[in-house]
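Geometric and topological summary
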2 protein chains.
Amino acid sequence: MQVGQRVEDLPTPAFTVDLDVVKKNAQEMVQRFRALGVNMRPHMKTHKTLEGGDLMTGGSRRRIVVSTLAEARFFADGGFDDILYAYPLPFDKVGECAALAERLESFHVLVDSHEALTLLKRRPLPGGKRWKVWLKIDCENGRAGLRHTDPAALKLARAIAEEPTELAGVYAHCGNSYHCQGVPEIQSVARATTERVLEFMQKLQEEGVPCPVASIGSTPSCSHPVPEMAALHEVHPGNYIFYDVQQMGIGSCQLKDVAVRVLTRVIGHYPHRNQLLVDCGWTGLSLHSLGQLPTGFALVEGHPNLKLVGMTQEHGRIELVTGELDWAQFPLGSLLALIPYHACATAAMHPAYYVHVKGQVVATWKPVRGW
Amino acid sequence: MQVGQRVEDLPTPAFTVDLDVVKKNAQEMVQRFRALGVNMRPHMKTHKTLEGGDLMTGGSRRRIVVSTLAEARFFADGGFDDILYAYPLPFDKVGECAALAERLESFHVLVDSHEALTLLKRRPLPGGKRWKVWLKIDCENGRAGLRHTDPAALKLARAIAEEPTELAGVYAHCGNSYHCQGVPEIQSVARATTERVLEFMQKLQEEGVPCPVASIGSTPSCSHPVPEMAALHEVHPGNYIFYDVQQMGIGSCQLKDVAVRVLTRVIGHYPHRNQLLVDCGWTGLSLHSLGQLPTGFALVEGHPNLKLVGMTQEHGRIELVTGELDWAQFPLGSLLALIPYHACATAAMHPAYYVHVKGQVVATWKPVRGW
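The notes below deal with the structure included here. Remember, it's a predicted structure, so these values are computed and weren't measured experimentally. (Residues numbered from 1 in each chain as written. Chains lettered and ligands numbered in written order. Predicted model: local features only at pLDDT ≥ 70, side-chain atom pairs only at ≥ 80, totals over all residues. Heavy atoms only, no water.)

Across its full length, chain A carries eleven helices and 18 strands. Expressed along its principal axes, the backbone C-alpha trace of chain A runs to roughly 70 × 40 × 35 Å. When burial is assessed residue by residue, chain A has 61% of its 371 residues classed as buried. Within chain A, contacts between residues at least 6 apart in sequence are counted, and of these 68% link residues at least 24 apart. (Helix = DSSP H or I, 4+ residues; strand = E, 2+ residues; numbered from the N terminus. Buried < 20%, exposed > 50% of the residue type's maximum accessible area, 1.4 Å probe, protein only. Contact = heavy atoms within 4.5 Å.)

Here it is, written out as structure tokens:
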């Protein structure tokens, strides 16, 4: 047990979470949308921990999004409810979804096809309980969802609204905000997505299809909401609990907002090739960023001239961006803190997170994994 | 519990292991080096399971390599012994290494610096037991190790050989074989690495430094050994238990030798962009290959014209390499088998492996993770 230790004494590689920053990130997002009069339905996929979910829901443990059924079961077991499995309903998982829908007060599923809806229709829930089904629409993101302009989307919404299913909401992920650089671009995507979803809601109303909730989400758009988003009912960002270098590059946050690090130690000096070796490979960081940052696969905290040029399973190779290494500055055994490019991906590599306040470990959080 | 199920009924994404192929891969490697009179010390890092270790050691559970202390503890707990922690000794882990060295008949560590050796010298083992220390040398691979031509390597070897440590072996990883294409290139690296290590052993002998073992390893070089390798004492490949698309590209193996798949289901049809969505993202496959294969991030078994063009956390996007999709061929819910680019990386994403014989699940293997 590492509680009470200093983070610098942790065995490496270690995934650390700054609790003060996480709390600030969670609270700011809550306040931001409270001010707009919009409910939060935070996404659990980044951290996958009960403790993180508790902070993101302000302790209510209600109204969350998950990306896997393993998360759904885990959070349900942990006392969470009103859980949206925001994933195109996989055909092999209808039975498990039915079990969760029976067990929880509100378990929501999502579809973007008549075929998936048909599976639900064929499996009515006991006791006359209706399936809460969300329609996924694609507002120019280009992943899942029927296109917001596609007449098939309206038709599917109408079919969802018929018993034994009900249309619980319309869901759009503005993942295209990940291509933005800077707040104006982010807000342009946020505004466009909001308008498209609201237009779709308007059409539903005109068609007489009841739908209580319009929800959009992505950490960039929800970090810099536009006033138009006040007309939505919910937002569902997730990554903001940790933030990361990718979000910094997009303009969602600043370095001070990034709550997570991978601590690593220097394990080798190779002066003939001007390289350090550290004890963090892709099992500790993931290959996200694909090495495309000016500093390679991550930022090295406090050392803007260090570049993580490559990783194998348990080794990371660090060079200087320019110049020659001052070896005395990085003795064998010394600690470096990597700031992850993609916190979701890095967190997924770690069986435990070391949660600290001002460098003192106060808890270990254990994420769920698998499907 | 999935034992007895058909693999096609498994919940997806699912990491499957063909037991017949794994057994064949393990046995062929054993036979290959028995014929050369060289001991196997297989690396556990790819599968990280007791069952895989059992097969690779021919049931002896002796003489293995691990890449993390978590693996060392796991295999020790599972009855394995003669374990080499083939990793530049991390300064924070000397105490744990001492505990393993006391507990096991043979626990070996590895160094490539005087600083690391000094830590061992300062912590003698109880009862006069000597630390078994391997010297890592770099034979043009360019990761860890002192260069084979560096006089500092000989000097360090001499220092290791003095009590309370002993020089248990010389270790070289021919990771540069991963840049090869085809057997002649692989064998050229295997031969060069072997010659460099044997030259180094010769120098040790001339200097009167006793060293019982010279070991090289990498799956490419050990899949196509050269006769010169008969002069080595050990080899330590690891990936060959599974093999993968990367190894196919190098020339280590053929498709029939790749034991692992990630099963995934079609969850979306998007004809307007000629794309399928499947329920395997980077949490199920990893981002290895960086999408650089002609078929993107993986091969899709039986469908050479499918390309996994991108992944997010739980979604994979599949297009055709050329032409237009025949949607009827890939109905929603239908199964595809992804052949991983890098089996070590893909295995690391899965809490359980579904082991099958001719498509019927016969066991689930649970790998260790963490550090």
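From this point, the narrative continues.
The next point concerns helix H4 (residues 94-103) of chain A. Residue and element names in this part refer to chain A. Listed as buried for H4 are Val94, Cys97, Ala98, Leu100 and Ala101. Around the axis of H4, the buried residues are gathered within 165° of arc, so they sit on the same side. Buried-residue contacts for H4 involve helix H3 (69-77), strand S4 (81-88), strand S5 (107-111), helix H5 (114-121) and strand S6 (131-138). (Arc of directions from axis to C-beta.)

On to the side chain of Arg265(B), then. When you line up the elements, Arg265(B) lands in strand S11 (residues 260-270). Among the polar contacts made by the side chain of Arg265(B), one reaches the side chain of Asp92(A) at a distance of 3.1 Å. Within polar-contact distance, the side chain of Arg265(B) engages the backbone oxygen of Glu8(B) at 2.9 Å. Ignoring any residue separated from it by four or fewer positions in sequence, one finds Arg265(B) in contact with Asp92(A), Glu8(B), Asp9(B), Leu10(B), Pro11(B), Thr12(B), Leu277(B), Val278(B), Asp279(B), Gly333(B), Ser334(B) and Leu335(B). (Polar contact = N/O pair within 3.5 Å; in protein donor to acceptor, adjacent residues only side chain to side chain.)

Time to look at the relation of the copies chain A and chain B. For these two chains of identical sequence, chain A goes onto chain B by a turn of 180° and a shift of 0.0 Å along the axis, with RMSD 0.0 Å. Here the transformation between the copies is reduced to the relation of a two-fold axis. Interface overlap between copies is the fraction of interface residues in one copy that are interface residues in the other; for chain A against chain B it reaches 100%, indicating a shared surface. (Least-squares fit on C-alpha atoms with pLDDT ≥ 70 in both.)

Turning next to the interface of chain A and chain B. Many analyses report the size of an interface as the accessible area lost when the parts associate. On the chain B side, the residues contacting the 56 residues of chain A number 56 residues. Among the residues of chain A in contact with chain B, Arg143(A), Arg369(A) and Trp371(A) are the three that bury the most area, contributing 17% of the side total. Taken together, the links from chain A to chain B amount to eight salt bridges. Linking chain A with chain B are 26 residue pairs in polar contact (both at pLDDT 80 or more), by the criterion used here. Where the side of chain A that touches chain B is concerned, the elements lending two or more residues are S4, strand S11 (260-270), strand S12 (275-278), helix H10 (282-285) and helix H11 (343-347) of chain A. Class assignment for the residues of the side of chain A that touches chain B results in 23 nonpolar, 18 polar and 15 charged. (Buried area = accessible area lost by both parts, 1.4 Å probe. Salt bridge = Lys/Arg side-chain N within 4 Å of Asp/Glu carboxyl O. Nonpolar A, V, L, I, M, F, W, Y, C, P; charged D, E, K, R; others polar.)

All names here are of chain B. If you trace the backbone, Arg62 turns up in strand S3 (residues 62-66). For Arg62, a relative accessible area of 40% corresponds to the partly exposed category. For the pair Arg62 and Ala35, spaced 27 residues apart in sequence, the C-alpha to C-alpha distance is 19 Å. A polar contact of 3.1 Å, which involves the side chain of Arg62, links it to the backbone oxygen of Gly79.

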